[in-house]
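Summary of structural features
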Amino acid sequence: MTDSARYKNMANAIRALAMDAVEKAKSGHPGMPMGTADIATVLFGDVIKFDAAVPTWPDRDRFILSAGHPLGQGLAMSVGFALAERMLNAEFGDDIVDHRTYVLAGDGCLMEGISHEAISLAGHLKLNKLVLFWDDNGISIDGPISVSESGDIPARFRAAGWNTDAIDGHDPVAILAALERAKKSDKPVLIAAKTTIGFGAPTKAGTHAVHGAPLGAAEIAGAREKLGWPYAPFEIPAEILADWRAAGKRSAKDREAWLARYNAMDAKKRAEFDRRIKGDLPAAFAEAMAAYKQKLVTELPKVASRKASEMALEVVNGTIPEMAGGSADLTGSNLTKTKGQVAVKAPDYKGTYIHYGIREFGMSAAMNGLALHGGFIPYGGTFLVFSDYARPAMRLSALMHQRVTYVMTHDSIGLGEDGPTHQPIEHLASLRAIPNMTVIRPADAYETAEAWEFALNHKKGPTTLALSRQNLPAVRFEVSADNKVAKGAYEVAAAEGRAEVSIFATGSEVAIALDAKKMLDAAGHPTRVVSVPSFENFRAQSDAYRAEVIGGAKVKVGVEAALRMGWDEIIGSDGIFVGMTGFGASAPIELLYEKFGISASHIAELVSVKLA
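In what follows, the accompanying structure is described. Predicted model, so just to flag it, every value in this text is computed and none were measured.

In this section: the side chain of Arg528. Assignment of secondary structure puts Arg528 in strand 18 (residues 527-531). Take Arg528: its relative accessible area is 7%, and that puts it in the buried class.

Here we come to the sheet that holds strand 16 (residues 490-493). Strands sit in the order 16-18-17-19-20 across an open sheet of five strands; the sheet is mixed. In this open sheet, the two edge strands, each paired with only one partner strand, are strand 16 and strand 20 (576-578). Each neighbouring strand pair of the sheet contributes to a mean axis angle of 30°, computed without reference to strand direction. Of the pairings in the sheet, the one linking strand 19 (residues 555-559) to strand 20 comprises three bridges and is parallel in character. Bridge assignment links Val559 to a residue of strand 20, and that residue is Val578. Where helix 21 (residues 509-522) meets the sheet, its contacts fall on strand 16, strand 17 (501-505), strand 18 and strand 19, and the angle it forms with strand 17 comes to roughly 165°.

Let us look at the packing of aromatic side chains. Geometry of an aromatic ring pair is reported as the spacing of the ring centres plus the angle between the planes. Throughout the structure, instances matching the rule amount to 15 aromatic pairs. On the numbers, 5.2 Å between centres and 15° between planes, the contact of Trp258 with Tyr262 is stacked. Linking Trp258 with Tyr262, this pair stays in helix 11 (residues 252-263), spanning four residues, or about one helical turn. With respect to burial, Trp258 and Tyr262 carry one shared label: buried. Look at Phe383 and Phe386: their rings are 5.8 Å apart centre to centre, the planes differ by 15°, and that puts the pair in the stacked class. When sorted by exposure, Phe383 lands in the same class as Phe386, which is buried. Three or more aromatic residues joined by ring pairs form one cluster here, namely Trp57, Phe92, Trp258, Tyr262 and Phe273. For the cation-ring pair, Arg276 lies above Phe376, with the distance from its terminal atom to the ring centre recorded as 5.3 Å.

Looking now at the packing of helix 11 against helix 12 (residues 267-278). Across the interface, helix 11 lies against helix 12 with an axial gap of 9 Å and an inter-helix angle of 125°. Relative to helix 12, helix 11 is oriented oblique. Each of Trp258, Tyr262 and Asn263 in helix 11 lies in contact with helix 12, whose residues at this interface are Arg270, Phe273 and Asp274. Here the residues of the contact of helix 11 with helix 12 sort into three nonpolar, one polar and two charged.

Note that His208 resides in the loop between strand 7 (189-194) and helix 9 (217-227). Using a relative accessible area of 42% as the deciding quantity, one classes His208 as partly exposed. On a C-alpha basis, the gap between His208 and Ile141 in space is 5.5 Å, while along the polypeptide they are 67 residues apart. Apart from the residues lying within four places of it in its own chain, the contact partners of His208 are Ile139, Ser140, Ile141 and Gly143.

About the cut-offs
Residues numbered from 1 in each chain as written. Predicted model: local features only at pLDDT ≥ 70, side-chain atom pairs only at ≥ 80, totals over all residues. Heavy atoms only, no water. Helix = DSSP H or I, 4+ residues; strand = E, 2+ residues; numbered from the N terminus. Buried < 20%, exposed > 50% of the residue type's maximum accessible area, 1.4 Å probe, protein only. Pairing = 2+ DSSP bridges. Axes fitted to C-alpha atoms, helices over the stretch in contact; angles between N-to-C directions. Contact = heavy atoms within 4.5 Å. Phe/Tyr/Trp six-rings, centres within 6.5 Å; stacked < 30°, edge-to-face > 60°. Lys NZ or Arg CZ within 6 Å of the ring centre and 35° of its normal. Parallel < 35°, antiparallel > 145°, perpendicular 65-115°, else oblique. Nonpolar A, V, L, I, M, F, W, Y, C, P; charged D, E, K, R; others polar.

Purely spatial values, then, with no claim about function.
Rendered as structure tokens:
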């Protein structure tokens, strides 16, 4: 069989399976796989370095199918993949880390705003081992792309620092030649591949009708005839199947050669590489964190929790070399860069701190890519209010169970004069609503240390740290054998005798709750205070523990400089909530807390009225 015939048959096998699978399911998107089958055939048949027998081989090439759902985020995550490869390469060398990242993106990906953030960041970092195929089929769901887009896509990429190429996406020879040229590029590469969506469908090819619905029996029959594919649904002839099986084995020798180089590594360095790829924390971390927490209860620092996060990060980054930090142009405010960190920049990539620029969404998606690639534990900072820009990627962190830490500072009206545009109100409730997202709002430096300890040991999902701008007094005075933040809620101050009042608070409001306790105790109402750093962690505890912590006090009060939403599961629908009911205002913090009634005196007043 000639190469031309082999390519054609392998590509048509993809088209047939796409048609048949969508038809049987009565749901799906046959157009893109039918249109890009030639690209996939060349990529996996001749170019991409992978061994199907060992799919987790660390030095395999990566392929990201961005052309689908959710639009644009695959492209954005590819920046993290490509950056992880360069950063690991800078540490372990070409013999161990030397692979490429390939992306297939559609018109929808490139219309999404996230594409601009990702493309400019990749170009700035000169990620020349990143290759993006643009499936230029000219069709969107509403019809021709021309109804909504008339820009020069390659020019946009070139302006962002990419090299570009243009080919016939149905010509295997042209596809292969473009990929060979891409390997010699000093910049990331866009390959604009002109294709026909639904290639082979006799009446629907090249139209939006083939995008997101089964083709139907008659159209499939016509496609089989047009493609020269006389086989029954899901039948792949043995010779064509053997070609695809051979594609899966093509790089086995490359993997064996890599394995020989890996085995020849210095034993200590090999063990470190293995640990990094597995995602295990170094043993030194637990010891360093224990010593740090002992220091905290000795010194009892009164600092903003964003500063406490920076202090904890000095310990974290000093013992975990794979921490990959960054900020969306707010390093000095988020306090995410520690003393020993060096900024990542081309061409050496030896640093561990990434200046993401004002690209909150792009930063968060790139962190997902860093985490998915392996070898790094990413964290990145911005203001909590700007989590709105990052939310789709934060949601995917949770959906994909990735260990990504979001350092969200300026967590309330406590940021002061910047005013309501920057003061988060609904954001804690919004982030707590994301399944598998752990939101932690620590009350002092000790809880902040425990928050970082939890986030790094939690491999099954992301963590959002909501951190204050204003200084917070210490509320923890003894080292705890267990991580109380990991429990989600715990009693920080007991009542004298049987409690009449339980005050539950988070973050900066825990200190206010403790002051309210003093007033209520003095008024003859025994009061206890419970710190609730994490609703999600508390929800995960046993019924017995939850019942013990919530207790049976006559009056339950929730205090948080945010919305009430979510609090009723702790204080009940008849509980008192002291917090926000609308947007904030621009004023010094002291005036704001007084204006909105988030004060010890107001708590005591409301409780006294209820007990009367």
